[in-house]
Amino acid sequence: MASPIADLSYRSYDGPLNPPSARWWVIAKVHTLKAFRNRFYWLFVGLSGWYYLVILTVIFIMQMVSSNATDLASGAGVTGSSEIVRQIQFIDRFLWKNQFLHGFSFGQLTYLIIALLVGAGAVANDNRANALLVYLSKPCTKWDYVVGKFFGVWIPLVTAMAVPSLVFFLYGMMSYRQHGFALYAGAFPAVLGAMAMAAALHTSILLGISSLMKQGRIAGILYGALYMITNIFTVMILVFWLQPVPDARRDLGSSVVVDRNPLLQPAFYSSIDGLNIGMAKSLLNVDGGNAFGMPPDPLTVVPAPNGFAVFWIMSAICAFWLYIFWRRVRAVEVVN
Amino acid sequence: MIAPPLEAIASVVNLTVRYGRFTALQDFSVQVPKGCVGLLGPNGAGKTTLIKTLLGFVTPTAGTATILGHSVQKEGAKVRQRVGLMPEQDCHLPGMSAIEFVAYAGELAGMPQAQALRRAHEVLEYSGLGESRYRKVETFSTGMKQRIKLAQALVHGPKLLLLDEPTNGLDPRGREEMLKLIRDISLHKDVNVIVSSHILRDIEKTCESVIVVVKGQLKMQGSIRDLTRIQGHPVDVELKEPSPTWQEAIVRRGITIVSAERNKARLQHEAPTEVTTKMIFEAAREVGAEVRGLSVATKSLEEAFLEVVH
């Protein structure tokens, strides 16, 4: 019978070993690279930027139309041609930072899918495969595991959110500086901040749920259900918000004072989706409004919430789910 | 019956581990010698609890433990960097190929990335998984999963390897191969090994000494040779053919026949073994019998274990 030892020249390792610190980065790195190697991840990253693609296409077409109309008007010597041009060149009246908010808001569903893709099985699959025995028998602490898993999900998620916005930002800076884009350059770091918070919220809840499960798909279904249920609640609140208000004028662009139930506004933001958008509104200092650059309708727009309140609520939710995750990290099941 | 070893790789002093009201280890003290050591005991004796405590998975109620000079309680990370664990249960990292898994385990242990990958190739080759290194671990057979558990435990060059039931679920051939690997690691690769098992033949084949744990307490410790030795140094003799005249000649010389069956006999004499041997050959020459085999009689590890446990 052949020897079971395939390599008889094998020698025990006597090379360098890094000190047992910052192992979390090894875990985060491997998890992140695994996500980046997934082709579906990049597919959804591309899909999450659909709003930016549409808005850039609209701007491009409108610019073409505007350019042609200007040439025609001045060529024909039409009286008041400058007024026509002003009407057509709506791009100069664009609220650029609103575009970052819309890009972020319209990408929410794809962010959810990416979060499920990257994070649903992050801990549940480890639970099923007893992987904690591998991690904790190495010089890794519970802290390393929790932090490593957190960043292993957070980094791909925040990358997925940031890439389309970054492309839009760079394109805007190159092409629309003269149309006021540069005035809102600060919107990009602001929306990045909102993305960091949104990714942290997704990551924490997902890891918390995942740590309670032994199958990634079950964890994914539960998180998806939680997200959708809270989102339906937000939509219901929006329906109430859009109810006709007596004695309110619907003049576009003007400020309208409306007496509404004071609970409606916070209730609108009482969902994962709502918290993310609320945080983005606060950081961008906008209330939102109609998409594609039109001025906001004060009757339909839900004003931005208090940024500090949203921050603390999101932080508390993150802390709660991360605590659950932390409690679940055990190399051995100890039955008292 | 406890003989403390000269050079200890691990030291456990008055260790008590409780799970709620249940005491898994009670005032347990042991010095683990270098080499390959078997951790024996019936199910629920506390073997796995001892291993888990040595790795810091379980916090002891009282007592201390040191491995390779590092305190388990205070320097857990340093201990785990020098120790490799092959757990009893199946364990792997989902979605990874064998090479990715072992390289990752190396990185987790502190190896630089390039070294970890190089070593992963070496250790998989050594473990006999060279041809399956790019396969997903989930698709491995039980035997291959046992081997990859060994590979991930070995990758960072530990000075002490803890093997918990390493032959669990293996067929006879796979078991034999695993035992050969363990012997090679302990004898030729300068790695100390603690094998926890309730399969006594596995321990007998791989280990030089044993620690017997019963009901959370150290029952016995020593080399296998000492433990299996029978008091009074009896000798087992095998003749070519049964010979009653030879037996008479033996008795005439004052040697006691402890047992005799066909052409085999176990003899006991107060004199040293060398003197007894000489007398056995003289008796054979006197009656014209032919001695085919002669050895100092020992009991099996199983017999020794049962004596201790009961």
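Parameters and conventions
- Residues numbered from 1 in each chain as written.
- Chains lettered and ligands numbered in written order.
- Predicted model: local features only at pLDDT ≥ 70, side-chain atom pairs only at ≥ 80, totals over all residues.
- Heavy atoms only, no water.
- Helix = DSSP H or I, 4+ residues; strand = E, 2+ residues; numbered from the N terminus.
- Buried < 20%, exposed > 50% of the residue type's maximum accessible area, 1.4 Å probe, protein only.
- Contact = heavy atoms within 4.5 Å.
- Areas by Shrake-Rupley, 256 points an atom, 1.4 Å probe, with all protein chains shown as cover.
- 1 Å grid on protein atoms, 1.4 Å probe; cavity = no way out; pocket = protein on both sides within 12 Å on 5 of 7 lines; lining within 4 Å.
- Points joined across faces, edges and corners; volume = space filled by probe spheres on them.
- Nonpolar A, V, L, I, M, F, W, Y, C, P; charged D, E, K, R; others polar.
- Phe/Tyr/Trp six-rings, centres within 6.5 Å; stacked < 30°, edge-to-face > 60°.
- Buried area = accessible area lost by both parts, 1.4 Å probe.
- Salt bridge = Lys/Arg side-chain N within 4 Å of Asp/Glu carboxyl O.
- Polar contact = N/O pair within 3.5 Å; in protein donor to acceptor, adjacent residues only side chain to side chain.
- Disulfide = S-S within 2.5 Å.
- Pairing = 2+ DSSP bridges.
- Axes fitted to C-alpha atoms, helices over the stretch in contact; angles between N-to-C directions.
- Expected span 1.5 Å × (residues − 1).
- Lys, Arg positive; Asp, Glu negative; His and termini not counted.

S.K.: How should I be thinking about the overall build of chain A in this particular structure?
M.R.: Within chain A one finds 14 helices and zero strands. Every one of the 336 residues in chain A was classed for burial, and the buried ones make up 48%. Put simply, 83% of the contacts in chain A that link residues at least 6 apart link residues at least 24 apart. Entry remark: accessible area of chain A is about 16500 Å², with carbon and sulfur atoms responsible for 67%.

S.K.: Sorry if this is basic, but what is going on with empty space enclosed by the protein here?
M.R.: Where empty space is left in the structure can be found by rolling a water-sized probe over the atoms. This structure, assessed with the given rule, holds two cavities of 30 Å³ or more. Roughly 60 Å³ of volume is contained in the largest cavity. Residue lining of the largest cavity: A:L133, B:T48, B:I51, B:K52, B:L55, B:F57, B:L85, B:P87, B:E88, B:Q89 and B:D164, and that is the complete set. If you tally residues by element for the lining of the largest cavity, the top one is helix α1 (residues 47-54) of chain B, at three residues. In the lining of the largest cavity, the residues fall into six nonpolar, two polar and three charged. As a volume, the second largest cavity reaches approximately 40 Å³. Looking at the second largest cavity, the residues that line it are B:V32, B:L39, B:L50, B:I51, B:L54, B:I194 and B:I211. Among the elements that line the lining of the second largest cavity, the one with the most residues is α1(B), at three residues.

S.K.: In this structure, what is going on with unusual backbone geometry? I would like to understand it.
M.R.: With glycine set apart, most residues show a phi of negative sign, and most peptide bonds adopt trans. Residues and elements named next belong to chain B. The residue N14 is not glycine, and still its phi comes out positive at about 50 degrees. Here N14 falls in the partly exposed class, since its relative accessible area comes to 38%. Despite not being glycine, K215 shows a phi value in the positive range, around 50 degrees.

S.K.: Looking at this structure, I do not really get the packing of aromatic side chains. What am I missing?
M.R.: What characterises a pair of aromatic rings is the spacing of the ring centres plus the angle enclosed by the ring planes. Residues and elements named next belong to chain A. Counted by the stated rule, this structure contains 29 aromatic pairs over all chains. Judged by centre distance (5.9 Å) and plane angle (75 degrees), the rings of W24 and W25 are edge-to-face. You can call W25 partly exposed: its relative accessible area is 42%. Ring centres 5.7 Å apart and planes at 85 degrees place the aromatic pair F151 and W154 in the edge-to-face group. With F151 and W154 both in helix α9 (residues 142-175), this residue pair falls three residues apart, about one helical turn.

S.K.: Looking at this model, I keep getting lost on the interface of chain A and chain B. Mind explaining?
M.R.: In many reports, interface size means the accessible area that the parts give up when they come together. With 41 residues of chain A at the contact, the number on the chain B side is 54 residues. Summed over both partners, the interface of chain A with chain B buries about 4200 Å², with 64% contributed by carbon and sulfur atoms. Where chain A meets chain B, there are two salt bridges. At the boundary of chain A and chain B, one finds 11 residue pairs in polar contact (both at pLDDT 80 or more). Elements with a minimum of two residues in the side of chain A that touches chain B: α1 (24-36), α7 (124-128) and α8 (131-137) of chain A. The dominant element in the side of chain A that touches chain B, judged by the number of residues it contributes, is α8(A), at six residues.

S.K.: Whenever I open this one, the state of the cysteines confuses me. Can you help?
M.R.: Between two cysteines, a covalent bond joining their sulfur atoms is known as a disulfide. A complete count under the given rule lists zero disulfides over all chains for this structure. We note that A:C140 lacks a disulfide partner, and the nearest cysteine sulfur, in B:C91, lies 14 Å from it. The class for A:C140 is buried, based on a relative accessible area of 2%. Cysteine B:C36 remains unbridged, with the sulfur of B:C207 as its closest cysteine sulfur at 3.6 Å.

S.K.: Can you help me understand the environment of A:F188 in this one?
M.R.: Residues and elements named next belong to chain A. Within the secondary structure, F188 is located in helix α10 (residues 187-212). We classify F188 as buried; its relative accessible area is 11%. Separated by 10 residues in the primary sequence, F188 and Q178 have C-alpha atoms spaced 18 Å apart. Excluding anything up to four places from it in sequence, F188 contacts F100, A162, S165, L166 and F169.

S.K.: Mind showing me how you'd approach the sheet that holds strand β12 (residues 256-261) of chain B here?
M.R.: Pairing between the strands of a sheet is mediated by backbone hydrogen bonds and can be parallel or antiparallel. Residues and elements named next belong to chain B. The strand order across the open sheet formed by four strands is β12-β13-β11-β14, and the pairing between neighbours is antiparallel. Bordering the open sheet on either side are β12 and β14 (291-296), each of which pairs with just one other strand. Going from strand to strand, the sheet's axes swing by 20 degrees on average, the running direction of each strand aside. Strands β11 (235-239), β12 and β13 (264-268) of the sheet are contacted by helix α9 (residues 244-252), whose axis makes an angle of about 165 degrees with β12. This element, helix α10 (residues 273-287), spans β11, β13 and β14 of the sheet and lies at about 165 degrees to β14.

S.K.: Where do I start with α1(A) in this structure?
M.R.: Note on helix geometry: an α-helix contains 3.6 residues per turn, so any two residues three or four positions apart are oriented the same way. Between its terminal C-alpha atoms α1(A) stretches 18 Å, which fits the 18 Å expected from 13 residues at 1.5 Å a residue. Taken as a whole, α1(A) has its buried residues at A:V26, A:I27, A:A28, A:K29, A:V30, A:H31, A:T32 and A:A35. Along its buried surface, α1(A) packs onto α2 (39-48), α6 (108-119), α8 and α9 of chain A together with α3 (98-108) and α4 (113-126) of chain B.

S.K.: Would you mind showing me how to read the side chain of B:K149 here?
M.R.: Residues and elements named next belong to chain B. One can find K149 in helix α5 (residues 142-154). One buried charged side chain, K149, makes no salt bridge at all; its nearest oppositely charged neighbour is D90, positioned 4.6 Å away. Leave out the neighbours within four places in its chain, and K149 touches L85, M86, P87, E88, Q89, D90 and C91.

Just geometry here; none of it tells us what the structure is for.
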